[in-house]
Every structure is written in structure tokens, then in C-alpha cells.
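Chains, contacts and geometry: an overview
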Amino acid sequence: MEAFLTSGELHGFAVARAAGRPTGSVYPILARLEQAGWLESRWEDEHPEEGRPRRRFYSLTSDGAAASRATVLERRGELPSARSGGRLRPALRLMLRWGYAW
């Protein structure tokens, strides 16, 4: 969730890379967060590179942003900022735990 607070819209592989987790773990969690109303997604309109499939981009909904901020503040005591270089901290791992808890 922290990645979305610092970057806005991300494609699934970027979320997996930021979390340091395999895509097979992250994509089901993204789907559950979308079903819960925390994320919304859209498919890329065009293929930027030939031979690469379209990417699905995810962004926080207003409910998801509020819940993410509250959770990050509760867990870390601070929100991610540009000063931190957008580096992900353990808060994104919470997303993985939530996914398995649903």
C-alpha cells in the first residue's frame, strides 16, 4: 500500500518488485484489494514495446487511500515521502499478510 501512496498508479509487476515478492503472490492480493474497493484498475491501451503484453495499472480509491494512510501511520508512525526516496518499508508486507487473512 505504501508504494501506491508514494507513486499513485502502478502496474502489477512494479508492485511486486517494490514489495520484493513474487508476482504469483502479489497479483491475487491486488485482486482482493480491488474486490474490497481499495484499488481500481485499468488495462494499458497500447503496447509500448512490441512483443510485450499490455499491463494492468492499479491505483488507490479514495477509501483505499484513507485506509492505507491510516494503516501506515498506525504501523510506522509516518507516511512515506519523497525524502525517503519512495523506498518501501515493511508496510507493503502488511498488504501480503492482509491478502492471506481474507
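Look up a bit, the structure's there.
Residues numbered from 1 in each chain as written. Predicted model: local features only at pLDDT ≥ 70, side-chain atom pairs only at ≥ 80, totals over all residues. Heavy atoms only, no water.

**Description of the pattern of salt bridges**
- The final tally for this structure, using the stated rule, is four salt bridges.
- We note a salt bridge from Glu 9 to Arg 42, for which the minimum N-O separation is 3.0 Å. In this pair, Glu 9 sits in the loop between α1 (2-7) and β1 (10-11) while Arg 42 sits in strand β2 (residues 39-43), placing the two residues 33 residues apart along the sequence.
- Salt bridges sharing common partners tie together Glu 44, Arg 52 and Arg 55. (Salt bridge = Lys/Arg side-chain N within 4 Å of Asp/Glu carboxyl O. Helix = DSSP H or I, 4+ residues; strand = E, 2+ residues; numbered from the N terminus.)

**Overview of helix α3 (residues 23-35)**
- For α3, which comprises 13 residues, the first-to-last C-alpha distance of 18 Å matches the rise-based estimate of 18 Å (1.5 Å per residue) to within 8%.
- Turning to α3, its buried residues are Ser 25, Val 26, Ile 29, Leu 30 and Leu 33. Projected onto a plane normal to the axis of α3, the buried residues spread over an arc of 125° and lie on a single side. Exposed and oriented more than 90 degrees from the buried face of α3 are Gly 24 and Gln 35.
- Backbone geometry just downstream of α3 places Gly 37 in the positive-phi region, at approximately 90°. (Expected span 1.5 Å × (residues − 1). Buried < 20%, exposed > 50% of the residue type's maximum accessible area, 1.4 Å probe, protein only. Arc of directions from axis to C-beta.)

**Let's talk about the sheet that holds β1**
- Overall, antiparallel pairing links the three strands, which are arranged β1-β3-β2 in an open sheet. In the strand order of this sheet, the two ends are held by β1 and β2, each with one partner.
- Looking at chain direction, β1 and strand β3 (residues 56-60) are connected through two bridges and run antiparallel. Bridge assignment links His 11 to a residue of β3, and that residue is Phe 57. (Pairing = 2+ DSSP bridges.)

**Some thoughts on the environment of Trp 43**
- Tracing the sequence through the fold places Trp 43 in strand β2.
- A relative accessible area of 42% places Trp 43 in the partly exposed class.
- Considering only alpha carbons, one finds Trp 43 and Arg 55, 12 residues apart in sequence, at a separation of 6.0 Å.
- Aside from chain neighbours lying at most four places away, what touches Trp 43 is Arg 54, Arg 55 and Arg 56. (Contact = heavy atoms within 4.5 Å.)

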